[in-house]
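# Structure at a glance
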Amino acid sequence: MARLAIEGGSPARSQLLPYGRQTVDESDIDAVVQVLRSDWLTTGPKVAEFEAAFAEQIGARFAVAVSNGTAALHAAAYAAGLGPGDSAIVTAMTFVASANCVRYQGADVQFCDVRRDTLNIDTTLVESLISPVTSAIVAVDFTGQPADFDELRMLADAHGLILIEDAAHAVGATYRGRPLGALADLATFSFHPVKHITTGEGGMVTTNNPEFAARLRTFRNHGLSSDHHQRESAGTWEYQMVDLGYNYRITDFQSALGLSQLTKLEGWLARRRSIARKYQAAFAGMPEVEAPTELSDRTSAWHIYVIRFNLDLLRVGRADIYKALRAENIGVNVHYRPVPCQPYYQRSGPPRGHWAVAAAEYERMLTLPIFPAMSDADVDDVIGAVAKVVQHYRR
Ligand SMILES: *Cc1c(COP(=O)(O)O)cnc(C)c1O
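First, a word on scope: everything that follows refers to the structure included in this document. Keep in mind the model is a prediction, meaning the values are calculated, not measured.

Another aspect to go through is the overall build of the chain. From N to C terminus, the chain includes 14 helices and 14 strands. Here the C-alpha radius of gyration of the chain, 22 Å, is about what a compact globule of 395 residues would show, namely 21 Å. Oriented by its inertia axes, the alpha-carbon framework of the chain measures out at about 75 × 55 × 40 Å. Intrachain contacts of the chain at a sequence separation of at least 6 include 74% that bridge at least 24 residues. With an accessible surface of roughly 16200 Å², the chain has 52% of that area assigned to carbon and sulfur atoms. Across the chain, 37 positive and 44 negative side-chain charges occur, with their mean positions spaced 5 Å apart.

Moving on, we come to unusual backbone geometry. Omega for the bond connecting His335 with Tyr336 falls within 30 degrees of zero, at 0°, which places this linkage in the cis form. Checked against the element boundaries, Tyr336 lands in the loop between helix 11 (318-327) and helix 12 (343-346). Its identity as a non-glycine residue notwithstanding, Leu119 has a phi of 65°, on the positive side. Counting through the fold element by element, Leu119 comes out in the loop between strand 3 (108-112) and helix 5 (123-126). When its relative accessible area of 3% is taken as the criterion, Leu119 is described as buried. Unlike most non-glycine residues, His222 shows phi in positive territory, near 65°.

Before going further, it helps to examine the environment of Leu244. Relative to the helices and strands, Leu244 resides in the loop between helix 8 (228-234) and helix 9 (252-262). What makes Leu244 exposed here is its relative accessible area of 60%. Sequence-wise, Leu244 and Asn221 are 23 residues apart; in three dimensions their C-alpha atoms are separated by 9.5 Å. What Leu244 contacts, discounting residues up to four positions off in sequence, is Tyr78 and Phe219.

Here we come to the site of the ligand. The immediate surroundings of the ligand are formed by 14 residues, with Gly69, Thr70, Asp166, Ser190 and Lys195 found nearest. Backbone polar atom of Gly69 to an oxygen atom of the ligand: 2.7 Å apart, as the coordinates give it. Notes on the ligand: free accessible area 380 Å², of which the protein chains cover 91%. Sorting elements by how many residues they give to the shell around the ligand places helix 3 (residues 69-79) first, with 3 residues. Here the residues of the shell around the ligand are counted per class, giving 5 nonpolar, 7 polar and 2 charged.

What counts, and where the lines are drawn
Residues numbered from 1 in each chain as written. Predicted model: local features only at pLDDT ≥ 70, side-chain atom pairs only at ≥ 80, totals over all residues. Heavy atoms only, no water. Helix = DSSP H or I, 4+ residues; strand = E, 2+ residues; numbered from the N terminus. Rg over C-alpha atoms; globule rule 2.2 N^0.38 Å. Contact = heavy atoms within 4.5 Å. Areas by Shrake-Rupley, 256 points an atom, 1.4 Å probe, with all protein chains shown as cover. Lys, Arg positive; Asp, Glu negative; His and termini not counted. Charge placed at Lys NZ, Arg CZ, Asp CG, Glu CD. Buried < 20%, exposed > 50% of the residue type's maximum accessible area, 1.4 Å probe, protein only. Near = heavy atom within 4 Å. Polar contact = N/O pair within 3.5 Å; in protein donor to acceptor, adjacent residues only side chain to side chain. Nonpolar A, V, L, I, M, F, W, Y, C, P; charged D, E, K, R; others polar.

Structure (structure tokens):
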């Protein structure tokens with residue numbers, strides 16, 4: 001049996017393979033440089049072009065670009081009308097920003113546990129959390145696999161709630177033959193470099209509702225009723241601040257990068273799927289490893305690839321496996337510690353809601369590298385390293 005790198009053996013590869021990484025080519029660079037030489041750096045014609053192309057891509061009527069995915073969530077919480085005295089139900093297994101956007105608006109968070117198979121919000125538990133002050137649900141398409149939107153839609157309609165989809169993992173996913181754009185009342189996206197397409201920092205909110213779209217545009221620009229580009233075109237200095245907003249604008253050169261990246265999305269999604277298929281086949285033969293569950297009525301965008309260990313079959317816990325794989329130069333990660341377990345959410349007593357499944361699954365989860373520029377040899381390195389470590393620690 002090969003000696004583990006952590007015990008002095010040679011690592012599975014000589015250089016660290018990150019869990020995610022952007023792809024930026026010469027055409028992306030040219031697109032950015034062209035805008036840098038133009039008259040508009042911040043909100044100009046490229047922002048609107050990027051919004052239109054993105055809306056088309058994901059099947060929504062409106063798209064509003066903002067400075068990052070967290071700003072997109074904040075803007076969605078604002079558009080949904082969340083405020084002090086309100087409460088929103090948020091999935092427990094997600095990045096902290098999905099819950100923080102509710103707190104930014106001064107509303108309370110009620111955490112909802114997840115399905116054990118997909119780790120998406122468990123819709124059978126949502127109703128028990130609904131009270132007269134509940135006004136929204138924030139669901140996440142965990143790892144890129146859409147949440148149960150037909151059930152969520154029924155719950156939202158029955159109780160008059162706004163449905164927000166944090167779709168940061170799911171650009172390009174489909175649900176029961178439908179694209180992502182119109183499943184929720186508001187959907188949010190991130191263009192951080194580990195996501196499907198990048199603008200450095202950047203985000204987008206999509207909706208089919210024209211009133212929401214207008215509120216989003218006002219919110220990202222200080223609560224003003226028009227932006228600089230619009231005033232220039234209309235030949236007026238006049239503006240009105242109609243509500244308290246923020247400066248959450250994205251720049252024109254970032255939007256040019258986003259537009260250029262978007263043209264490559266389909267190819268990148270295909271590559272992510274093909275890497276995932278290779279992993280699924282390899283891990284089907286390793287009893288110590290549980291591969292991700294894929295439901296047959298939806299397609300995942302495979303933002304991350306999360307395995308779970310059958311710890312009964314192993315001599316060590318997830319932390320030791322993580323350290324051993326890191327030593328093999330496999331850039332494993334963990335997504336996510338359940339949000340209610342974070343100190344901020346624990347500070348004023350136990351948070352409200354439930355997250356027992358999320359907390360139990362967290363102990364055995366590990367994220368493996370998946371990104372379009374990974375070669376087949378990289379994929380084999382990951383599979384080989386997991387097999388080596390699992391064999392070593394087998395009971
Ligand atoms: C990345 C991410 C965000 C935040 O996006 P930023 O652009 O980094 O602000 C929010 N929610 C989820 C689920 C994410 O993965």
